Number of protein chains: 6
Amino acid sequence: MRPSKRQPDQLRPVTLERGVARYAEGSCLVSFGETKVLCAASLEERGPPWLRGTGKGWVTAEYAMLPRATHERTRREVNSGKPSGRTQEIQRLIGRSLRAVVDLHAFGERQIVVDCDVIQADGGTRTAAITGAWVALNDCFAWMMSRSIISINPLKDHVAAISCGIYRDMPVLDLDYAEDSTAETDANFVITGKGGIVEVQGTAEGKPFSEEEFLSLLRLARGGVEELVGLQKQTIA
Amino acid sequence: MRPSKRQPDQLRPVTLERGVARYAEGSCLVSFGETKVLCAASLEERGPPWLRGTGKGWVTAEYAMLPRATHERTRREVNSGKPSGRTQEIQRLIGRSLRAVVDLHAFGERQIVVDCDVIQADGGTRTAAITGAWVALNDCFAWMMSRSIISINPLKDHVAAISCGIYRDMPVLDLDYAEDSTAETDANFVITGKGGIVEVQGTAEGKPFSEEEFLSLLRLARGGVEELVGLQKQTIA
Amino acid sequence: MRPSKRQPDQLRPVTLERGVARYAEGSCLVSFGETKVLCAASLEERGPPWLRGTGKGWVTAEYAMLPRATHERTRREVNSGKPSGRTQEIQRLIGRSLRAVVDLHAFGERQIVVDCDVIQADGGTRTAAITGAWVALNDCFAWMMSRSIISINPLKDHVAAISCGIYRDMPVLDLDYAEDSTAETDANFVITGKGGIVEVQGTAEGKPFSEEEFLSLLRLARGGVEELVGLQKQTIA
Amino acid sequence: MRPSKRQPDQLRPVTLERGVARYAEGSCLVSFGETKVLCAASLEERGPPWLRGTGKGWVTAEYAMLPRATHERTRREVNSGKPSGRTQEIQRLIGRSLRAVVDLHAFGERQIVVDCDVIQADGGTRTAAITGAWVALNDCFAWMMSRSIISINPLKDHVAAISCGIYRDMPVLDLDYAEDSTAETDANFVITGKGGIVEVQGTAEGKPFSEEEFLSLLRLARGGVEELVGLQKQTIA
Amino acid sequence: MRPSKRQPDQLRPVTLERGVARYAEGSCLVSFGETKVLCAASLEERGPPWLRGTGKGWVTAEYAMLPRATHERTRREVNSGKPSGRTQEIQRLIGRSLRAVVDLHAFGERQIVVDCDVIQADGGTRTAAITGAWVALNDCFAWMMSRSIISINPLKDHVAAISCGIYRDMPVLDLDYAEDSTAETDANFVITGKGGIVEVQGTAEGKPFSEEEFLSLLRLARGGVEELVGLQKQTIA
Amino acid sequence: MRPSKRQPDQLRPVTLERGVARYAEGSCLVSFGETKVLCAASLEERGPPWLRGTGKGWVTAEYAMLPRATHERTRREVNSGKPSGRTQEIQRLIGRSLRAVVDLHAFGERQIVVDCDVIQADGGTRTAAITGAWVALNDCFAWMMSRSIISINPLKDHVAAISCGIYRDMPVLDLDYAEDSTAETDANFVITGKGGIVEVQGTAEGKPFSEEEFLSLLRLARGGVEELVGLQKQTIA
């Protein structure tokens, strides 16, 4: 039995709320149960120097947690002088995931930064961030279209992400903190609307896992992402 | 005429929402109009090393802004390796303001950190932060009393803060960003429930100001803080 | 009775010695009693990048203390990798104070940096720094006039600063370290030669202060700054 | 056709040379073709503070590249003040991979640090590092046994790693730099001697990949790791 | 002819002024012509952690320049986050030079830090610093004797330093900035009162130098240091 | 008797192996006994900004040690955020030594960076680095000539370096770690093929040394460098 009483293949209640950051070109407050991430997309007319002359734009992401998003207060990373390895890993993952569904040649030499700030953390912050960031990015592109900066939405597909894990020998979908902290295997899947895999990360926390176990996690993830993409579609409709 | 059509002595709509951070011992989302600050108080059983053996506790604050709290995206301070001078100035001010109304000997050698994270910034973030932080701190002490960690609330008084300024030669209360960016003089007042002044900061942005002007700002601030303290009282009632 | 036997409204002996830094365009060693600050103004032909194209110049300040300026040795800030919050607060204050009396359009897109290095610290280092920095800046402008870089002194007025505080329930002027470390209220005032207020900072270290107390401090400060401006006038005569 | 003329399932020539670092408790210079990594295991009697009282030891890894390991010189990370995100990701991966096959309760509250320094980089540095680090770690444990610090080798199994990718629509094993820089999909697999999966990381660089493609990569990886484990066995025999 | 009209073996006017830092246990303002360094010795009851249990004390030095000590303003090192290589080289040299004449076992597990802050720089700041630091250190030990912390002065000998160089093919003593910036060879010598060499550093800025040239520099240095030691003796008499 | 049984004027076995870094324009693995340094010269078409318009090139060096080059593991400097003072001192020395024998006007506004990475450290790493770096630099210039980037080798002479010291009252050549850690005096000499002195650094670790002792060290060094230059000549023949 999962601590949350959910079925093995059951997501937590997911909400996607658009337009929450008044000044951002696109924004979305995403909740996966008690995990809440504020995603804000900012259009920057001047991209990084290495973009110049390429005719290409860039999409990047930054990730952080409020100190008291967590059960115990976490020290601000600014006070240790640099983002932690974990933070860097996650923001690189979010950026790669978004770029996998964006036509970078379709919006000029501009940069869009999607800030993903975790307001509350109960497991799965990176997957919630990716799922919400897609909505913020889509709204940013919509904003650009409404101002005739671009005429076609550079998004080629949806992208969403979900975690799975083996909890008490049972493959389960969308781990919350209680499950995550005791799961034997923890995996994150980033999958597009058409079902293509963008990123797979699986880690044995305890004993190594088998190919069969891994495939059962992948199957759960496919189902979860399908639901998430359905919610993205409703949200932007 | 003020850009917001407010009267010179009129606050923006102020709201104080308790209990917004599920894991914090006390929390408050404060809004001064479009300025929104999430204040979360965390009890730490182990205070800083210099507290040991003093029999005293400590209250401190940290302050930060989400990158897209602002009209234009602001760079994360973690990426420049340290909090800016402005950030440090503000978090020191919030900490001093709270400590002015706390009996530091009344809760043991513990530390309470109040994190003030600006979700949206439209002027007056530091004054909103102080006003909301008091509520978060009060709820943290209430939490401690409910668990019999302490038996009396160490808060001796309320404290709240408001900005005033001279906008187009007119002393006005609670500047929003549009006023703040063009005001000739900008002042912040931190005042207790009993009317004692805890901190006064007045800066001539353009031409120097006179004693009379300064006193008219102080008068406006007194009125504003009285209202804010009234709201604090309603909120915790 | 004050530890120094001074009257409540009595400054410490103040001296302003010009030309102490052989290579600087303007310099002044200012003493407020045992507090000694070396102020050196440096003309930089190339200002910060954001000045370009504005037709404006800039005046900024940096502040530091020698490690053994203080009773106990203080750690060098370079060894902790960044200026402390206190240092940043003070150097921003000195810069704002000077800019309040400078016509920034009157000396081209140049920058003048006024370095204020505390040689010895016995309270009031920031107010001594502002008072001495004005002399260094004036001499820097005189140097520029003597070389026909500019034809009119861009200084529109004098500016000087003094601290006041409530020491044993008595409002007193120009706190030395012995008073400062026990004062209930500590305030710094930056005032121009014509009596306009540029900056007011008042902090209750212990119990909050009343409007009346604050006004008595302001009155003391006015008298003190008048004397300081008189000394500046003698010095540059 | 692969640039190196290898078969799709063919590893580069792999060598594992023990005892290359005279002062280390265990060491191994591993080559995957032109990729060369020097792995050195250091026993530290004092582990990190959080180990104390747990009865457990710890195995961690650090990773770096010599500046001219690469085709173009790479800037030293010490000069930018911190390890890059990529470096941190890799060293966390190496550490997790090793810990997956170590009984952390079997060597006391000690720490073993395995330094993996890339002498030459031609793709696959992290997989070579994991494969060589296992040998260095094994020799460190052998050294401890020879000195009767421990009596049983805490290694429960072998672990090795290999990259796979989809290069010109063809799944291939052990990408070199020429393949890696143009592959559409890039995956790293960390697998134990018994065939358990410790870590899976798959990233679509270009278009998303399908489950079938991913499974063909996994199959290649299994074969590759089997060979690598065979070589480890020969090496330590 | 030297720019300063000095004889090849002639020092600049040297002064050593004691007791200039009111709060330091020992201090000395040393001038070698226009080069002025403020040396302040601070006794710290708690030395660095690695001293504990050794029965030994430690003498260390720190070195810095005021930004406008130089002809052109120099950026503060705190703003680049760390002491420069040059600064570290110099402060290590000063520390080693002092320790060469101190009996470290004669003052307990205490540390003395000698801060050498360059007020004005006209060449030879490190040699002036060493020469003045000896006086400050001597006065610090005298202070400790006067308070019966120690009964014997741990200084075993004098130590002083001087630069020499080959300027226009002529070996000269005590280079000022005008000479230093064009000298072909630049050498610093640290020599004790008894004539023992503590440190020799010779660098060919342009073409390499011969043994003969080097010996002529050493001969000049011996004469210079003898004079400096004579002045130290007068100063502390 | 020396711990290594060597004669006082006997070098350790020295080897210079060219072409060890496949991608570098020039490289050399130098061994002085158990001390091994990998030197790699990288040609950079774009030198530092201050070179522009000077018509001059630049040669610089960087130095680092692998963490387990040493008997006890040394912490990576990247983890403390900056190169140590020792590292900066050494890399400045290597750069100066190489520049002393290079015609900087003979290869355009390019920069050559010579990375000296210590693979194993048994004393004398800086002198081995200089000796090997010369070979790497020479091969880099040869590479440039072979590609007709330059037509004449800008190297005007050889340069090599060796340490000497007074070990148990006996002047000895080329100290290994066992000698270095107990030597009373430690000196490094950088000398050209023609016998010109480029750099001399002598430090009394214990008691000061005499001129005679210093001259005996210089004599040993001359002999040692002659041998080293002979080996360089053989190596590049």
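Per an unreviewed UniProt entry, chain A is named Ribonuclease PH, and its organism is Saliniramus fredricksonii. The record in UniProt for chain A states the following under Sequence similarities (unreviewed entry): "Belongs to the RNase PH family." A UniProt comment under Subunit (unreviewed entry) is attached to chain A, and it reads "Homohexameric ring arranged as a trimer of dimers."

Asks: Report on the UniProt feature "domain: Exoribonuclease phosphorolytic" (unreviewed entry) in chain A, specifying residues and quantitative values.
Replies: UniProt feature "domain: Exoribonuclease phosphorolytic" (unreviewed entry): in the numbering of this structure it lies at residues 10-140 and 159-222 of chain A. Secondary structure across residues 10-140 of chain A divides into 24% helix and 31% strand, with the first and last C-alpha atoms of the span separated by 31 Å.

Asks: An account of the nonpolar core is needed here, citing residue identities and associated values.
Replies: Counting residues in hydrophobic clusters, the biggest one holds 426 residues, and the most contacted among them are A:Ile112, B:Ile112, C:Ile112, D:Ile112, E:Ile112 and F:Ile112. Beyond its immediate stretch of four places on either side in the chain, C:Ile112 contacts C:Ala41, C:Ser42, C:Leu43, C:Trp58, C:Val59, C:Thr60, C:Phe107, C:Leu137, C:Cys140, C:Phe141 and C:Met144.

Asks: Go over empty space enclosed by the protein, please, and point to the residues and values.
Replies: Tallied over the full model, the rule gives 10 cavities of 30 Å³ or more. Around the largest cavity, the lining residues are C:Val20, C:Ala21, C:Leu38, C:Ala40, C:Asp115, C:Asp117, E:Leu66, E:Pro67, E:Arg68, E:Ala69, E:Ile119 and E:Gln120.

Asks: Just give me the short version of the interface of chain E and chain C, but keep the residues and values in it.
Replies: The interface of chain E with chain C comprises 38 residues on the first partner and 37 residues on the second. Both sides of the chain E and chain C interface together cover about 2,800 Å² of buried area, and 50% of this is carbon and sulfur. Among the residues chain E hides against chain C, the three largest losses belong to E:Tyr23, E:Arg68 and E:Arg73. Together they make up 29% of the total. On inspection of chain E and its partner chain C, the count reaches 14 salt bridges. Measuring nitrogen to oxygen at the nearest pair gives 2.7 Å for the salt bridge that ties C:Arg68 to E:Glu25. Taken together, the connections running from chain E to chain C amount to 22 residue pairs in polar contact (both at pLDDT 80 or more). For the side of chain E that touches chain C, the secondary structure elements donating two or more residues are β3 (35-44), β4 (58-65) and β5 (111-120) of chain E.

Asks: Account for the sheet that holds strand β4 (residues 58-65) of chain C, with residues named and values stated.
Replies: As a general point, the strands of a sheet are linked pairwise by backbone hydrogen bonds and lie either parallel or antiparallel. All names here are of chain C. Read from one edge to the other, the open sheet built from 5 strands follows the order β1-β2-β3-β5-β4, with strand pairing classed as mixed. The sheet is open, and its two borders are formed by β1 (14-18) and β4, each paired with just one other strand. On average, each strand axis in the sheet is inclined to that of its neighbour by 20°, with strand direction left out of account. Seen against the sheet, helix α1 (residues 85-99) touches β4 and β5 (111-120) and runs at an angle of roughly 145° to β4. Packed onto the sheet, helix α4 (residues 211-236) meets β1 and β2 (26-32) and runs at close to 30° relative to β1.

Asks: Explain the relation of the copies chain F and chain D to me, and be specific about the residues and the numbers.
Replies: Of the two same-sequence chains, chain F is brought onto chain D (RMSD 0.0 Å, axial shift 0.0 Å) by a rotation of 180°. On the angle and the small slide along the axis, the relation comes out as a two-fold axis. Looking at chain F, 100% of its interface residues are interface residues in chain D too, so the copies touch through the same face.

Asks: Talk me through the side chain of F:Asp115; I want residue IDs and the actual numbers.
Replies: Tracing the backbone through its elements, the reader meets F:Asp115 in strand β5 (residues 111-120). Within the local environment of F:Asp115, its side chain forms a polar contact with the side chain of D:Arg73, the two groups lying 2.5 Å apart. There is a polar contact of 2.7 Å between the side chain of F:Asp115 and the side chain of D:Arg76. Ignoring any residue separated from it by four or fewer positions in sequence, one finds F:Asp115 in contact with D:Pro67, D:Arg73, D:Arg76, F:Leu38, F:Cys39, F:Ala40, F:Ser42 and F:Glu62.

Reading the values: rules and limits
- Residues numbered from 1 in each chain as written.
- Chains lettered and ligands numbered in written order.
- Predicted model: local features only at pLDDT ≥ 70, side-chain atom pairs only at ≥ 80, totals over all residues.
- Heavy atoms only, no water.
- UniProt positions renumbered as here; feature names shortened; annotations may be inferred.
- Helix = DSSP H or I, 4+ residues; strand = E, 2+ residues; numbered from the N terminus.
- Core = buried A, V, L, I, M, F, W, Y, C linked by side-chain atoms within 4.5 Å.
- Buried < 20%, exposed > 50% of the residue type's maximum accessible area, 1.4 Å probe, protein only.
- Contact = heavy atoms within 4.5 Å.
- 1 Å grid on protein atoms, 1.4 Å probe; cavity = no way out; pocket = protein on both sides within 12 Å on 5 of 7 lines; lining within 4 Å.
- Points joined across faces, edges and corners; volume = space filled by probe spheres on them.
- Buried area = accessible area lost by both parts, 1.4 Å probe.
- Salt bridge = Lys/Arg side-chain N within 4 Å of Asp/Glu carboxyl O.
- Polar contact = N/O pair within 3.5 Å; in protein donor to acceptor, adjacent residues only side chain to side chain.
- Pairing = 2+ DSSP bridges.
- Axes fitted to C-alpha atoms, helices over the stretch in contact; angles between N-to-C directions.
- Least-squares fit on C-alpha atoms with pLDDT ≥ 70 in both.

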